[in-house]
Amino acid sequence: MVTRRAARGALLGIGGLAATAGVGAFMLRRRQQRSFTKTTEAPRNALLSAPTHDARLVPVVTDDGAELHVRVYGDPEGQPIVFSHGWTCSADYWIPQINAFAENYQVIVYDQRGHGRSDVGTRPLGPDVLADDLADVLAATVRESNKAVLVGHSMGGMSIMAWAGRYPDQVDLLVSAVLLASTATDSLVRETTVIPLPQRFPRVPVPVGRRLLGSAVPLRPSSVTRQAIKYVSMAPGSTQAEVAFCEKIVLECKPQTRGIWGAALTDLDIYEALANMSVPTSVLVGSADRLTPPVHARKLAQALDAHDHLSKLIEIPGIGHMTSVEAIDEFNTEVARLRGLG
């Protein structure tokens, strides 16, 4: 005898398979119609769902023996877009962009060292490691004859800037444009607004910030954890689906990884690397970003403009730190515009 619960589960399973098939068919019909799929042109929250495209794994091993998890979606001969994720995230953070761009472009994502399925290795963590790992990923996936657009979010943006500082000759050779989203070059602790302070204490003390960022306390799924993640990294208006998407990714990050990378970022100072960003570079930030407030984006834009490398400064009203999830269409529109420049 089939129970009511079993029947309901079967119906849900069939419905899920049908929805997945529907999304895949919808994406297939849209092939080549536009440069990317918008949220308004797909079923609700479809861009937050698991990619319908198959990934190709590219083996990358660093000098210290760390294996980096690199995935490539789309046409191997298509124009490449390389996405570099932020602290406590993984390559899965870019699922909305994989779903939006893989029909028409070569989409390259990777797990930062210690995150996702990438090894942490043996090197002391810092900007040089971010730079070297990105250089290894680019060497394995990008050719001079088919330059990439680089897109970095938060620590991923820092990776791009650190790479430009360490490998200035590679910038023009391998890259046609850059998008730096929700990121900074320095003063991460001093400028954060995550911790509300009385007016007489306008700055978070650096030792306090270092202890917070370097914390390796395990995070477990709960309503409290969900609200904390939303408060720290997202805007009050973010949807339940967006919060659930980011919560899953953050909770998958190993506490040790979160702690050692958080501590490494407190002393970050890669401002001088902006002089080497010699391709059109856009800066994007949400007005409600607490982790890297707009003051950082404006500082980046000013420096890039002084070197004649600034393409555009975009501040999205009411959006938090997770710009590529909270404002998918606005984010992807700028990626596509930069890809068109190449």
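The structure we're discussing is the one just above.
All figures in this text were calculated on a predicted structure; none of them were measured in a lab. (Residues numbered from 1 in each chain as written. Predicted model: local features only at pLDDT ≥ 70, side-chain atom pairs only at ≥ 80, totals over all residues. Heavy atoms only, no water.)

## A closer look at unusual backbone geometry
Logical step 1: For S182, which is not glycine, the phi torsion reads 50° and is therefore positive.
Logical step 2: Following the sequence through the fold, S182 ends up in the loop between β6 (175-181) and α6 (188-191).
Logical step 3: Although it is not a glycine, D308 sits at a positive phi angle of roughly 65°.
Logical step 4: Tracing the backbone shows D308 in the loop between α11 (294-306) and β8 (310-316).
Logical step 5: Looking at D308, the relative accessible area reads 68%, which means it is exposed. (Helix = DSSP H or I, 4+ residues; strand = E, 2+ residues; numbered from the N terminus. Buried < 20%, exposed > 50% of the residue type's maximum accessible area, 1.4 Å probe, protein only.)

## Description of the layout of surface pockets
Think of a ball as big as a water molecule: rolled over the atoms, this probe shows where empty space is left.
Logical step 1: Taken as a whole, the second largest pocket spans an internal volume of roughly 230 Å³.
Logical step 2: Along the walls of the second largest pocket sit 15 residues, with T39, N45, L48, E242 and I328 positioned nearest its centre.
Logical step 3: Contributing elements (two or more residues each) for the lining of the second largest pocket: α12 (323-326) and α13 (328-341).
Logical step 4: Per-class residue counts for the lining of the second largest pocket are eight nonpolar, three polar and four charged. (1 Å grid on protein atoms, 1.4 Å probe; cavity = no way out; pocket = protein on both sides within 12 Å on 5 of 7 lines; lining within 4 Å. Points joined across faces, edges and corners; volume = space filled by probe spheres on them. Nonpolar A, V, L, I, M, F, W, Y, C, P; charged D, E, K, R; others polar.)

## Concerning the nonpolar core
Logical step 1: With 47 residues, the main nonpolar core has V70, L138, L150, M158, W163, V178 and M277 as its most contacted residues.
Logical step 2: In this structure V178 touches L150, I160, M277, V279, P280, T281, S282 and L338, once residues within four positions along its chain are discounted. (Core = buried A, V, L, I, M, F, W, Y, C linked by side-chain atoms within 4.5 Å. Contact = heavy atoms within 4.5 Å.)

## Considering the state of the cysteines
Logical step 1: Per the counting criterion, the structure on display carries zero disulfides.
Logical step 2: A disulfide-free cysteine, C246 has its sulfur positioned 6.8 Å from the sulfur of C89, the nearest such atom.
Logical step 3: We classify C246 as buried; its relative accessible area is 1%.
Logical step 4: Sulfur of C253: no disulfide; nearest cysteine sulfur belongs to C89 and is 8.0 Å away.
Logical step 5: Take C253: its relative accessible area is 8%, and that puts it in the buried class. (Disulfide = S-S within 2.5 Å.)

## So, the side chain of D133
Logical step 1: Looking at where D133 falls in the secondary structure, it is placed in helix α3 (residues 127-141).
Logical step 2: Taking the relative accessible area as the measure of exposure, D133 reaches 2% and is therefore buried.

## A few points about the pairing of strand β4 (residues 106-110)
Logical step 1: Judged by how many residues are buried, β4 sits mostly within the fold: five of five residues are covered.
Logical step 2: Here β4 shows no split at all, with Q106, I108 and Y110 on one side and V107 and V109 on the other all buried.
Logical step 3: As judged from the four bridges shared by strand β2 (residues 67-73) and β4, these two strands associate in the antiparallel manner. Looking across to β4, one finds that R71 is bridged to V109.
Logical step 4: One ladder, built from five bridges, connects strand β3 (residues 80-84) with β4; its direction is parallel. Residue pairing for β4: S84 is matched across the bridge by Y110. (Pairing = 2+ DSSP bridges.)

## Overview of the packing of aromatic side chains
Logical step 1: Per the stated rule, a full pass over the model turns up five aromatic pairs.
Logical step 2: With centroids separated by 4.9 Å and ring planes inclined at 40°, the aromatic side chains of F83 and W94 adopt a geometry described as tilted. Here W94 lies in the loop between β3 and α2 (95-101) and F83 lies in strand β3, a separation of 11 residues in the sequence.
Logical step 3: Since its relative accessible area comes to 0%, F83 is described here as buried.
Logical step 4: A connected cluster of aromatic rings, assembled from ring pairs, spans F83, Y93, W94 and F331. (Phe/Tyr/Trp six-rings, centres within 6.5 Å; stacked < 30°, edge-to-face > 60°.)

## Here we look at helix α8 (residues 223-233)
Logical step 1: Buried within α8 are the following residues: T225, I229, K230 and S233. Projection of α8 onto a plane perpendicular to its axis shows the buried side chains occupying an angular sector of 135°, all on one side. Across α8 from its buried face, at more than 90 degrees, point the exposed residues V224 and Q227.
Logical step 2: Next to the buried residues of α8 lie α9 (240-252) and α12. (Arc of directions from axis to C-beta.)

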